[in-house]
Structure formats: C-alpha cells, structure tokens
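Secondary and tertiary structure notes
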Amino acid sequence: MAAENIDDVVDGLAGIVREAIRDGDRVGYFAALYRQVTVEVRTAIHDGLFDDGARMDRFDTHFGNRYFDAYDAWRRDRSGPRCWREAFGLLGDADTVIVQHLLLGVNAHINLDLAVAAARTSPGPDIHALQHDFLLINDILARVVLKVQDSIGALSPLLSLLDRIGARTDERVLDFSIRQSREEAWYNAVLLAGQNEAERETTIERLDIRAAVLARLTARPGGLVRPALQLIRSTESDDVPAVITHLDKAMRRPSARQGTD
C-alpha cells in the first residue's frame, strides 16, 4: 500500500486493524495506536494548529509510508529494516505482553522512520522551519499515551508490577521515552537533511542498527523483568481480536484523566 495524503494513512491503518481483528494478528496492537495518533494529527491540521498544515500532511504521509513499506516487506519475504523485523518477528510470540508489542512499534517508527520522513519532507536548510510543528506533535502523543494507559490497564491488570521492581513502564515513562526519542529524531532529521545520498544511507543504516538493538532489549529483557513479564502475561487475555478491538475502541474515546478537552 502507498498513501498519497494523511487520509490515505488513516484509511490504510484502519484496514490493517480490521484485517488484524479478522486474522487474530497482533500487528493490530501498534496499528490501533498509530491510527489514533494519525487521526489526532489530522484533526490538528484541520484546526490550524500547525504553522504549515499542508507540509504536515506531506510529512505524515511520508511517515506513514515508512510503516506501510516495512509492513509490506515483512509480509512479502520477511525483509525490511532490522528494527521492524524485530518488531514483526515477535507478533507470533504468545508470551510477549501487550505493552512490549506497542513499544517495539514505537521504537522502530520513532527511532528510525521519523527522522527519515522529516528530512524527506524538508530537505536542506528547510528542515529548520519544520521544528515547531515537529515538536508540537509531542503534545498529541502525550494525549494518546493517556488513552493507551487507560486501555492497557483494563487489559493487563498486573502491569503496574513493573514499576515496583524498577522497570517503570507506566504512562509517565512511556511519555518521557517518546519525548526523548523524538528529540533525538529531530537531531537526526537535521543531520539527514544536510547530507548527500551516500551519507544518508550510512546514517539510516546506523539508526536502524541502534533501533534494532533497542528492540532486542525490549523483546528479551533480562534480570527481574523477565519473570515479571511472565506473570503479567499470565493475566492478559489470549483473545487477540478482542484485545485489538478493545485497544482500538478505547483509544477513540477521551481519556478518563483527560476529560473532554
């Protein structure tokens, strides 16, 4: 699939969610999260919140196509960027908890795809004009993270155990990690925007390797985290379509802590 605008991105993600519900495919976990983020970005564009709404439409389209390309490559022949292969490779692992699947998608899409999409949208010195709108998405992500936490709390009752043993995977840390990753992505976007094609290929390769390492750490943590995850997984539903449906519907509603603002 290839999107030509942000509406196509939303529709493409909605299609993946529908197929995942039909097939019981855990790819729907991250797709549901990503669809909601994209819907909120589209709303912000329509509301005139960005300095350049048309540019943000192009940016989000490039960003979405990075995900679609990785997903299509994986389905075709298990190829694609390393970090996405790590994420997609765990979709059939019944022992992986819901939040791991979400974090694996977030890691690949922000730590690799985001900088590439930004540099493609605004190459050369034009990248600096994108910064305000790029950073504004942090506020959108923070709102979606609240919805994610509300939703996962109902699906994974023992997730808070990770806080007590030091892994700290609640919404505050998820929000912080996303913000930190986006700050790094902005630095890499500026770097990529000023590079020639050969230099960009080298930088993208480096970003992919780093994101793949982070993915492996997320997928296979050591120490006390592993038994905690096993315990958490034992409380989660094995009904993948029901989990995806819950995530998708919950993230369409205002967060209980957010109200209707």
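In short, a report on the structure.

**Examining a nonpolar patch on the surface**
Side chains of Ile209, Val213 and Leu217 sit close together on the surface and give an oily, nonpolar patch of about 250 Å² of accessible area. Mapped onto the elements of the fold, Ile209 is located in helix H9 (residues 197-219). Overall, the relative accessible area of 39% leaves Ile209 in the partly exposed class.

**As for unusual backbone geometry**
The backbone of Arg78 shows a phi angle near 60°, a positive value even though the residue is not glycine. Its location among the elements puts Arg78 in the loop between helix H3 (53-77) and helix H4 (82-89).

**Section: the pattern of salt bridges**
Within this structure, the stated rule accounts for 13 salt bridges. A salt bridge links Glu19 to Arg75, with the shortest nitrogen-to-oxygen separation between them at 3.6 Å. Within this pair, whereas Glu19 is found in helix H1 (residues 6-23), its partner Arg75 is found in helix H3, the two being separated by 56 residues in sequence. With a closest N to O distance of 3.3 Å, Asp248 and Arg35 form a salt bridge. Of this pair, Asp248 sits in helix H11 (residues 240-250) while Arg35 sits in helix H2 (residues 27-46), and the two are 213 residues apart along the sequence. Residue Asp248 shares its accessibility class with Arg35, and that shared class is buried. Salt bridges sharing partners connect three or more residues here, namely Arg82, Glu205 and Asp208.

**Topic: the packing of aromatic side chains**
Counted by the stated rule, this structure contains 15 aromatic pairs. Measuring from ring centre to ring centre gives 6.2 Å for Tyr67 and Tyr71, while their planes differ by 5°; the resulting arrangement is stacked. On the criterion of helical spacing, the pair formed by Tyr67 and Tyr71 is a turn pair, its members being 4 residues apart in helix H3. Judged by relative accessible area, Tyr67 falls into the buried class, the value being 0%. Judged by relative accessible area, Tyr71 falls into the buried class, the value being 4%. Grouped by ring-pair contacts, the aromatic residues Phe30, Tyr34, Phe59, Phe63, Tyr67, Phe68, Tyr71, Trp74, Trp84, Phe88, Phe134 and Trp186 constitute a single cluster. It is Arg182 that lies over the ring of Phe134; its NZ or CZ is 4.4 Å from the centre.

**With respect to the nonpolar core**
Core analysis: the biggest nonpolar cluster contains 77 residues, and Leu33, Tyr67, Trp84, Phe88 and Leu247 have the highest contact counts within it. A per-element tally of this core places helix H5 (residues 98-121) first, with 14 residues. In this structure, Trp84 is in contact with Phe30, Tyr67, Ala70, Gly105, Ala108, His109 and Asp113, ignoring residues within four places of it in sequence.

**Points about the side chain of Gln36**
With respect to the helices and strands, Gln36 occurs in helix H2. Judged by its relative accessible area of 5%, Gln36 is buried. There is a polar contact of 3.3 Å between the side chain of Gln36 and the side chain of Arg35. In this view, Gln36 contacts Val144, Lys147, Met251 and Arg252; residues no more than four positions away in its chain are not counted.

The rules behind each value
Residues numbered from 1 in each chain as written. Predicted model: local features only at pLDDT ≥ 70, side-chain atom pairs only at ≥ 80, totals over all residues. Heavy atoms only, no water. Patch = residues over 30% accessible without salt bridge, like charges linked within 9 Å, V, L, I, M, F, W, Y side chains within 5 Å. Areas by Shrake-Rupley, 256 points an atom, 1.4 Å probe, with all protein chains shown as cover. Salt bridge = Lys/Arg side-chain N within 4 Å of Asp/Glu carboxyl O. Helix = DSSP H or I, 4+ residues; strand = E, 2+ residues; numbered from the N terminus. Buried < 20%, exposed > 50% of the residue type's maximum accessible area, 1.4 Å probe, protein only. Phe/Tyr/Trp six-rings, centres within 6.5 Å; stacked < 30°, edge-to-face > 60°. Lys NZ or Arg CZ within 6 Å of the ring centre and 35° of its normal. Core = buried A, V, L, I, M, F, W, Y, C linked by side-chain atoms within 4.5 Å. Contact = heavy atoms within 4.5 Å. Polar contact = N/O pair within 3.5 Å; in protein donor to acceptor, adjacent residues only side chain to side chain.

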